[in-house]
There are 2 protein chains.
Amino acid sequence: MSGGVEWALHCCVVLTGMTEPVPAARLAEFHDVSPTYLAKQLQALSRAGLVRSVQGQAGGYVLTRAAEEISVLDVVEAVDGRAPAFVCTEIRQRGPFAATPEACRTPCGITKVMIEADRAWRESLRATSIADLAGTVARDVGAETLPRAQAWIAQRD
Amino acid sequence: MSGGVEWALHCCVVLTGMTEPVPAARLAEFHDVSPTYLAKQLQALSRAGLVRSVQGQAGGYVLTRAAEEISVLDVVEAVDGRAPAFVCTEIRQRGPFAATPEACRTPCGITKVMIEADRAWRESLRATSIADLAGTVARDVGAETLPRAQAWIAQRD
DNA sequence: TTGACTCGGACATGGGTTGTCCGGGTACGT
DNA sequence: ACGTACCCGGACAACCCATGTCCGAGTCAA
């Protein structure tokens, strides 16, 4: 899985409850990561419609929906794409005992298992929202840390 | 996910019920894939203990256990490794609001979600065995095709 | 109108998977 | 007992995608 997924998720968490747009450079400074590469991940979120970009001075990114309405799966699919990890190359149609194409209208047994596992994985990621993650942060390091961090992010130099 | 997983799974299915060792070259010919690259996957299965290699003339590969005792997950982990897809880089310990290392003894909320999804994925793959796959093949293309294919594989030129 | 700040897509680089090869070792035939 | 032929095993390149970077188009504030 792409490493940018982690960055994007952390960004979504700190964007929770933010009313003013936040520039990508500030998010990068807060997380101490490459600003240009983080920008790419945020562009992916924008393309997926999870965040709205505001241009010009005082511009930046804002969540388009409430954090409760954004699942972890939404972010993962926005950054890494919606394609399943396993792709069947139909090797049953090759070799001396090749199956006829008409017998391959339905996916083979291996593919079915992979699709089912993929579904379970996505279902698990769908069960948690960004708001849930923010709540976990509050429970782990204290309820006051997230608002303090957001205040630091909101101030413009 | 590595494409070699698909090859390895197909090989395990055709090895079901085989009593004589099968050379990698013959498995490659049957599936019409690169013999040398397929050999690499079989070596991975051998390292994981799923198959036993027999050297010398009339050598090849044999399953070490009954097909009912080999899960799809076993094969996937043997080829692609047991490492989880998501790796936490602990960016919460970086930047101006870095969390103290002692506060990070437990994984962060994002990592917890990823671990749980990974667990669900593996659990789903563990539920199906190679024997189940062989049964699906018999149900899809007829019960006589698999034994006929195995007979073709067993004959030595 | 000016200016400066923002995002967006197009451009290099590096590690990992894919693909290949030859040597060590083993069992069979003589 | 020896020679031989076959098979597996780990070491060696080539390609591709993810990582990382840059500059131009657009936009809002002053």
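Residues numbered from 1 in each chain as written. Chains lettered and ligands numbered in written order. Predicted model: local features only at pLDDT ≥ 70, side-chain atom pairs only at ≥ 80, totals over all residues. Heavy atoms only, no water.

### A look at the state of the cysteines
- Inspection of every chain in the model, using the stated rule, returns zero disulfides over all chains.
- Cysteine C11 of chain A remains unbridged, with the sulfur of C12 of chain A as its closest cysteine sulfur at 7.0 Å.
- Of the cysteine sulfurs around C88 of chain B, a residue in no disulfide, the closest is that of C108 of chain B, at 4.2 Å.
- We classify C88 of chain B as partly exposed; its relative accessible area is 27%. (Disulfide = S-S within 2.5 Å. Buried < 20%, exposed > 50% of the residue type's maximum accessible area, 1.4 Å probe, protein only.)

### Quick word on the interface of chain A and chain B
- Counting from both sides, the interface comprises 43 residues of chain A and, opposite them, 43 residues of chain B.
- Per-residue buried area on chain A facing chain B is highest for E6, I91 and F97 of chain A; these three make up 17% of the total on that side.
- Summed over the shared surface of chain A and chain B, the result is two salt bridges.
- The interface formed by chain A and chain B contains four residue pairs in polar contact (both at pLDDT 80 or more). (Contact = heavy atoms within 4.5 Å. Buried area = accessible area lost by both parts, 1.4 Å probe. Salt bridge = Lys/Arg side-chain N within 4 Å of Asp/Glu carboxyl O. Polar contact = N/O pair within 3.5 Å; in protein donor to acceptor, adjacent residues only side chain to side chain.)

### Concerning the protein's contact with DNA strand C
- Not every one of the 22 residues close to DNA strand C is listed here, only the nearest: S53 and Y61 of chain A together with G3, S34 and Y37 of chain B.
- Among all atoms of DNA strand C positioned within 4 Å of the protein, those belonging to sugar or phosphate total 66%.
- Side-chain polar atom of Q43 of chain A to a base nitrogen of DNA strand C: 3.1 Å apart, as the coordinates give it.
- Between DNA strand C and S34 of chain B there is a distance of 2.6 Å, counted from a phosphate oxygen to a side-chain nitrogen or oxygen.
- Among the elements of the structure, α3 (35-47) and β2 (60-63) of chain A together with α3 (35-47) of chain B are those that each provide at least two residues to the surface near DNA strand C.
- The element best represented in the surface near DNA strand C is α3 of chain A, accounting for four residues. (Near = heavy atom within 4 Å. Helix = DSSP H or I, 4+ residues; strand = E, 2+ residues; numbered from the N terminus.)

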